[in-house]
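Working through the structure, step by step
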Amino acid sequence: MKIRLASLVSLVSLAALAAALPAAAQEKVLNLYSARHYQTDEALYANFSKATGIRINRVDADDAGILARLKSEGSASPADVILLVDAARLWRAEADGLFQPFKSALLEQRIPATLRGADAGQGSQWFGFSTRGRVIVYNKLSVRKDDVDTYEELGDPKNKGKVCTRSGSHPYNLSLFGAVMQHLGEAATETWLKGMVANMARAPKGGDTDQIKAVASGECQVALTNTYYLARMMRSSNPDDRAVVEKVGVVFPNQASWGTHVNIAGAAIARSAPNLEAGRQFLEYLSSDSAQAYFADGNNEWPVVAGVKTANPALDALGKFKAETIPVAVTGANQSKVQQMLDRVGYK
């Protein structure tokens, strides 16, 4: 009797295991490598899983760390989707063969061609899902807005000793400088960069928030920053942040010419993605009105999809502006030449 009971228990256990195996095998997952470290993105991911039943396995690292990991893992990488910030980084990853082309009629319809990778016939290798403007902040007590309302004026002798920036080799600046090169040509851009170096109030250091604070404190008078850093300070509950914002003015450069430089946060399908369909669903989800609103309201970025309704008082206060229209893929591709210029003119 004991033997039969044991056999029966074994059979029941095997049956339960057999029933569980198909369920486990059918579980839908998405392996996401993300360089976005924003608390508000948690809701974005949770809503995707709720809507699709696809569970997200996420690896968080900075952009350089993610790209190094992808190279190290090679074809054995489990990554399905890569989230990176800045066109320079996206272009570099594409050039290194880390992505695959991807066709989506929905994404091509919703995302402007200037905000996605080049398409050689098989689809783009990456898509922008939010934008940030690269603006100029200035000390309202010591600088006239008219003296800093173009990027070119940052290299003009009238602003000598006034300018501060983060490293010229940071991707945010590489992309801006790549855009300027597209507008002015190589020779004029190098002359401009040399002028910026001559106008520095101090050696480049820190991040964009540090540049805003330096302008407010008088360490320098003029600086470059991405809009979402400024908007974050505008919405801050910290009175020190609000005090800084009160001391600086902001200008969207080149409104009378080619428009203000914009950069992107974007996503791509990994070259060896094991869950290609889940990756497609995730990228298309990021273009949905609800996801686009998260980028704007939660993280102070502008949506890339036209007509999306947002509720961000800081973005409303910054107002509408004319953005440049050259493809961000072009600005990313210019970064190697720009870096050589930076080396020649001593822009650290």
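Structure shown above.
Residues numbered from 1 in each chain as written. Predicted model: local features only at pLDDT ≥ 70, side-chain atom pairs only at ≥ 80, totals over all residues. Heavy atoms only, no water.

Assignment of secondary structure puts Ala333 in helix 14 (residues 328-333). Separated by 241 residues in the primary sequence, Ala333 and Arg92 have C-alpha atoms spaced 7.9 Å apart. (Helix = DSSP H or I, 4+ residues; strand = E, 2+ residues; numbered from the N terminus.)

So, on to helix 12 (residues 289-299). By the burial criterion, the buried members of helix 12 are Ala291, Gln292, Ala293, Phe295, Ala296 and Asn299. Backbone geometry just after helix 12 places Asn300 at a positive phi near 60°. (Buried < 20%, exposed > 50% of the residue type's maximum accessible area, 1.4 Å probe, protein only.)

With that settled, the discussion passes to the pattern of salt bridges. This structure, assessed with the given rule, holds 25 salt bridges. The residue Asp63 makes a salt bridge to Arg89 at a minimum N-O spacing of 3.4 Å. Remark: Arg89 occurs in helix 4 (residues 87-95) and Asp63 occurs in helix 3 (residues 63-73); sequence separation between them is 26 residues. When its relative accessible area of 17% is taken as the criterion, Arg89 is described as buried. For Glu153, the salt bridge is made with Lys158, and the minimal N-O distance between the two is 2.7 Å. (Salt bridge = Lys/Arg side-chain N within 4 Å of Asp/Glu carboxyl O.)

What follows concerns the packing of helix 4 against helix 6 (residues 171-184). Running from N to C, helix 4 and helix 6 cross one another at 90°; their axes reach a closest spacing of 8 Å. Classified by the angle their axes make, helix 4 and helix 6 are roughly perpendicular. Side by side, helix 4 and helix 6 meet where Ala87, Ala88 and Arg89 of the first sit next to Pro171, Tyr172 and Ser175 of the second. Residue composition of the contact of helix 4 with helix 6, grouped by class: four nonpolar, one polar and one charged. (Axes fitted to C-alpha atoms, helices over the stretch in contact; angles between N-to-C directions. Parallel < 35°, antiparallel > 145°, perpendicular 65-115°, else oblique. Contact = heavy atoms within 4.5 Å. Nonpolar A, V, L, I, M, F, W, Y, C, P; charged D, E, K, R; others polar.)

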